[in-house]
Every structure is written in structure tokens, then in C-alpha cells.
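# Report on the structure
Read off the chains here:
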Amino acid sequence: MFFNEKGILDIDEMVSSNPSSKCIMEDGVITEEEIKAQSDRVIALLHEIEAKYTEEQLIEIKKLLVESSVLYTVYNFHSIQNLITL
Amino acid sequence: MGTFSKKKILYGSSSLIPTMANHIQEQFQNEGFEVAMDALSSGGYDISITKGGFFKAVLGMKTALKVTLIPQGCNIHFEAGVGIWGQQAIPTVISMLFFWPVLITQIWGMVEQSKLDDKALEIAQDVIMMNHHGETSTTTSVGSKFCTECGTKNTETANFCCGCGKPL
């Protein structure tokens, strides 16, 4: 579900085939309105999930979201750190 | 060794960088890789190495082994990592995907397993070695030797250094 036959995360395939992504990327220009709309979709999904799943399941989802966000944050900090030392 | 890149200082003149870049390009091309080179304003080179079926494409862009050779003082800074084909590895803020760090870590694992980073490093080191041997043979052919204490050039027949007086 998450990985391809080589064991590599297939997230980019999921992103490119996602209807929201297709719609935003269609004209090759990303507007502030499109970012706002995508952000609203994420918030709506979180509310939906919160109402639908058990507390145990929600803890798992939250763990994944937080760990992924930590990775994204530290990776970007690391990149900026490298730029400063160059 | 880095977690998702390999960095090394090569003790050789930065004037060797273009030769190193050419050798890396040539040898990887001979093994069926697609190679692109960009000369940087710093005097360095940015080399992209990729092969279909080996490097995963991300959102329609080819990923590649990125080798950068940058002058650092009298030496050369070698760095090998994973990046996007044709895009300069520096600046390195490439984060078009939330899971980009996961992808590059996984692709880097494959690069390390295939020892492609080691291969690029070996080619660069070979250029330094070849150049060193070239210098030695030139020195011998003109009949002179260098003092191991102070580096002064002396005639081949000299028993003592004309610079510091130490036995040669």
C-alpha cells in the first residue's frame, strides 16, 4: 500500500494521482487561493477522522502525523544550516 | 560517512577538478549511466549521474547521484548525495514532497549498496594519484630532487640541501 516493489515509498505516485493535486497542478500555476483550499481540505479531513475513528486509532494517526512533521521540520532546518555554513 | 551523503576532502590541487569531472563522466557513461555536468561559478563542478530503472523518478523528475567537486583552499571538497537530475545540489533545500527526506534516504541506501558513491570517489582520487606520479616523473627527468625537510629543489647530484643544509 505504501511501498513499491523495490520497497521504496510510493508517496509521489499517490500525490500525482491525487485529484486535488491534479486540479491544482493542471495550469502549472499555484495560487494562494489553491493553497488555502488545500489547507481547508486537510483540516476537514482531520475533523472527519477525529469523528470516525476510535481513540486508539487516532493515537496511531497522530503519531504518524507528528513523526512525519518532525522529519520535515528537521530536514529543512538541516538544509538551511548547510546553506549558512557554505 | 554521512547518513545520506558522502563528504571528503581530497588533498590535491583544485586545478584538477575539471579533469576529475571529465573522468567521472567518462567512466560512468561507459557503464551505461546518463551523466550531466555543470561548471559552477566557484570553479567547482556539479555532476548528475542516473540510470533508468535504478533511480526512482519523483513527480516526473529524475533523481540522480549528485557529485559536487568544490575548491576548498588548496584542496578539493568532494560530496556525493542524492538529488534531482540537472538541478544543482547546492543549495540543497529541495523539499517539494513532505516525504522527500524519506525518499532520499531510501535512494541513498541503494546508491551505497551499489557502491556508486565509492566509485565516484575512487575516480577522483585516481586523478590525484596520476597527477602526483606525473609530477614525480617530470622532476626525475629534469634531474632534480626536493628536500624532504624544507621542500627546496636541489640538483640530482647534491648530497645536502642548498636551502636548509640537511642531508638529502
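Here the structure is a predicted model, which is why all the values come from computation and not from measurement.

## Observations concerning the overall build of chain B
Counting its secondary structure elements, chain B contains 3 helices and 8 strands. Sorting the 168 residues of chain B into buried and exposed places 28% on the buried side. Taking all contacts inside chain B whose residues are at least 6 apart in sequence as the whole, residues at least 24 apart take part in 47%.

## A look at the overall build of chain A
The helix and strand inventory of chain A stands at 4 helices and 0 strands. Starting at the N terminus and walking to the C terminus, you meet the elements of chain A as α-α-α-α. Reported as C-alpha extents along the three principal axes, the dimensions of chain A are approximately 50 × 35 × 30 Å. Every one of the 86 residues in chain A was classed for burial, and the buried ones make up 2%.

## A few points about the domain arrangement of chain A
By a widespread convention, an interface's size corresponds to the accessible area lost as its parts come together. Taken domain by domain, chain A holds domain 1 (1-52) and domain 2 (54-86). A C-alpha centroid distance of 17 Å is found between domain 1 of chain A and domain 2 of chain A.

## Digging into the interface of chain B and chain A
Each side of the interface is counted separately: chain B has 15 residues, and chain A has 16 residues. For the side of chain B that touches chain A, the element with the most residues is helix H2 (residues 100-113) of chain B, which contributes 4 residues. Its residues assigned to classes, the side of chain B that touches chain A comprises 11 nonpolar, 3 polar and 1 charged.

## Things to note about unusual backbone geometry
Residues and elements named next belong to chain B. Of note, lysine 115 is a non-glycine position whose phi angle comes to about 60 degrees, a positive value. As for its position among the elements, lysine 115 is in the loop between H2 and helix H3 (116-141). Look at lysine 115 and you get exposed, because 11 C-beta atoms sit within 10 Å.

## Here we look at the environment of glutamine 29 of chain B
Along the chain, the position of glutamine 29 of chain B falls in helix H1 (residues 17-30). By C-beta crowding, glutamine 29 of chain B is classed as exposed, having 12 other C-beta atoms within 10 Å.

## As for the confidence of the model for chain A
For chain A, mean pLDDT is 89; residues scoring 70 or higher make up 97% of the total. Between the elements of chain A, mean pLDDT differs from a low of 86, seen in helix H1 (residues 11-17) of chain A, to a high of 95, seen in helix H3 (residues 32-52) of chain A.

Parameters and conventions
- Residues numbered from 1 in each chain as written.
- Chains lettered and ligands numbered in written order.
- Predicted model: local features only at pLDDT ≥ 70, side-chain atom pairs only at ≥ 80, totals over all residues.
- Helix = DSSP H or I, 4+ residues; strand = E, 2+ residues; numbered from the N terminus.
- Buried ≥ 20, exposed ≤ 12 C-beta atoms within 10 Å, placed from the backbone.
- Contact = placed C-beta atoms within 7 Å.
- Domains from an automatic or database assignment.
- Nonpolar A, V, L, I, M, F, W, Y, C, P; charged D, E, K, R; others polar.
- pLDDT = per-residue confidence, 0-100.

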